[in-house]
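In case you want the letters, here they are:
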Amino acid sequence: MPESNPETHVIDFRAAEQLLDARDPRGAVKLLDSVIAAHPENTAARLLRARAFFAAAQLRPAELEFELVLEREPDNAFAHYALARTFERAGRPDAATRHFRLAAALDPKPEYLKAARFEAED
């Protein structure tokens, strides 16, 4: 097994991105596990692992990772949106709505605004 070093972790992170893009989320998670073990503070790696968990339909691990990212970056609109989608898939619409609205408030992208459904309250 190759020695673990920062360069290896960068390579693993980039490879994990490619695996996720190639629809191999489980492979991405495996690569990111070692990166996160060595660099638990790396929010980008945690966000990528959360996306991979979501893509693999591992909703509880995805939820935990997105929440950890949001503890560190409460203004991360994408993390709020992705957590909301995770809650939506898990059948938790109230939690989903809250995070869709936080995402839209932080970044008024059209897809965030549409998901937030602000006008549905009237």
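Residues numbered from 1 in each chain as written. Predicted model: local features only at pLDDT ≥ 70, side-chain atom pairs only at ≥ 80, totals over all residues. Heavy atoms only, no water.

**Q** So what's going on with the overall build of the protein chain? Which residues, and what values?
**A** A tally of regular secondary structure across the protein chain gives seven helices and zero strands. Of the regular secondary structure in the protein chain, the N- to C-terminal order runs α-α-α-α-α-α-α. Put simply, 40% of the contacts in the protein chain that link residues at least 6 apart link residues at least 24 apart. Total accessible area on the protein chain is roughly 7,300 Å²; 53% of this is exposed by carbon and sulfur atoms. For the protein chain, the distance from the average position of its 17 positive side-chain charges to the average position of its 21 negative side-chain charges is 5 Å. (Helix = DSSP H or I, 4+ residues; strand = E, 2+ residues; numbered from the N terminus. Contact = heavy atoms within 4.5 Å. Areas by Shrake-Rupley, 256 points an atom, 1.4 Å probe, with all protein chains shown as cover. Lys, Arg positive; Asp, Glu negative; His and termini not counted. Charge placed at Lys NZ, Arg CZ, Asp CG, Glu CD.)

**Q** Kindly report on the pattern of salt bridges, identifying the contributing residues and their values.
**A** All told, the structure shown has six salt bridges when counted by the stated rule. Ionic pairing is found between arginine 49 and glutamate 65, a salt bridge with its closest N-O pair at 2.4 Å. Remark: glutamate 65 occurs in helix 4 (residues 59–72) and arginine 49 occurs in helix 3 (residues 43–55); sequence separation between them is 16 residues. Judged on exposure class, the residue arginine 49 and its partner glutamate 65 are both buried. The closest approach of N and O atoms between arginine 92 and glutamate 63, which form a salt bridge, is 3.0 Å. Of the two residues, arginine 92 is situated in the loop between helix 5 (77–89) and helix 6 (93–106) and glutamate 63 in helix 4; the sequence distance between them amounts to 29 residues. (Salt bridge = Lys/Arg side-chain N within 4 Å of Asp/Glu carboxyl O. Buried < 20%, exposed > 50% of the residue type's maximum accessible area, 1.4 Å probe, protein only.)

**Q** Tell me what's going on with the packing of aromatic side chains, and back it up with residues and numbers.
**A** The tally for this structure, following the rule as stated, stands at two aromatic pairs. Residues tyrosine 81 and phenylalanine 100 carry aromatic rings whose centres are separated by 5.5 Å and whose planes lie at 55° to one another, so their mutual orientation is tilted. Here the residue tyrosine 81 occupies a position in helix 5, and phenylalanine 100 occupies one in helix 6, the gap between them amounting to 19 residues. Phenylalanine 100 matches tyrosine 81 in its accessibility class, with the two residues each being buried. Here the aromatic cluster, defined as three or more aromatic residues joined through ring pairs, consists of Tyr81, Phe100 and Tyr112. Taking NZ or CZ as reference, arginine 89 lies 4.4 Å from the ring centre of phenylalanine 54, over its face. (Phe/Tyr/Trp six-rings, centres within 6.5 Å; stacked < 30°, edge-to-face > 60°. Lys NZ or Arg CZ within 6 Å of the ring centre and 35° of its normal.)

**Q** Explain the environment of leucine 102 residue by residue, including any values.
**A** By the element assignment, leucine 102 lies in helix 6. Residue class for leucine 102 comes out partly exposed when judged on its relative accessible area of 30%. Along the primary structure leucine 102 and arginine 51 are separated by 51 residues, whereas in three dimensions their C-alpha atoms are 18 Å apart.

**Q** Tell me about the UniProt feature "repeat: TPR" (unreviewed entry) in the protein chain, and name the residues and values.
**A** Within this numbering scheme, the UniProt entry marks residues 77–110 as carrying the feature "repeat: TPR" (unreviewed entry). Across residues 77–110, helical content stands at 82% and strand content at 0%; the span's end C-alpha atoms are separated by 13 Å. (UniProt positions renumbered as here; feature names shortened; annotations may be inferred.)

**Q** Now, about the packing of helix 2 (residues 25–38) against helix 3: what can you tell me, with residues and values included?
**A** For the pair helix 2 and helix 3, interaxial distance at closest approach is 9 Å and the crossing angle is 155°. As the angle between them shows, helix 2 and helix 3 are arranged roughly antiparallel. The way helix 2 lies across helix 3 gives a crossing that is left-handed. In contact with Pro25, Ala28, Val29, Leu32, Asp33, Val35 and Ile36 of helix 2, helix 3 contributes Ala45, Arg46, Leu48, Arg49, Ala52, Phe53 and Ala55. Residue composition of the contact of helix 2 with helix 3, grouped by class: eleven nonpolar, no polar and three charged. (Axes fitted to C-alpha atoms, helices over the stretch in contact; angles between N-to-C directions. Parallel < 35°, antiparallel > 145°, perpendicular 65-115°, else oblique. Left-handed = near helix turned anticlockwise from the far one by under 90°. Nonpolar A, V, L, I, M, F, W, Y, C, P; charged D, E, K, R; others polar.)

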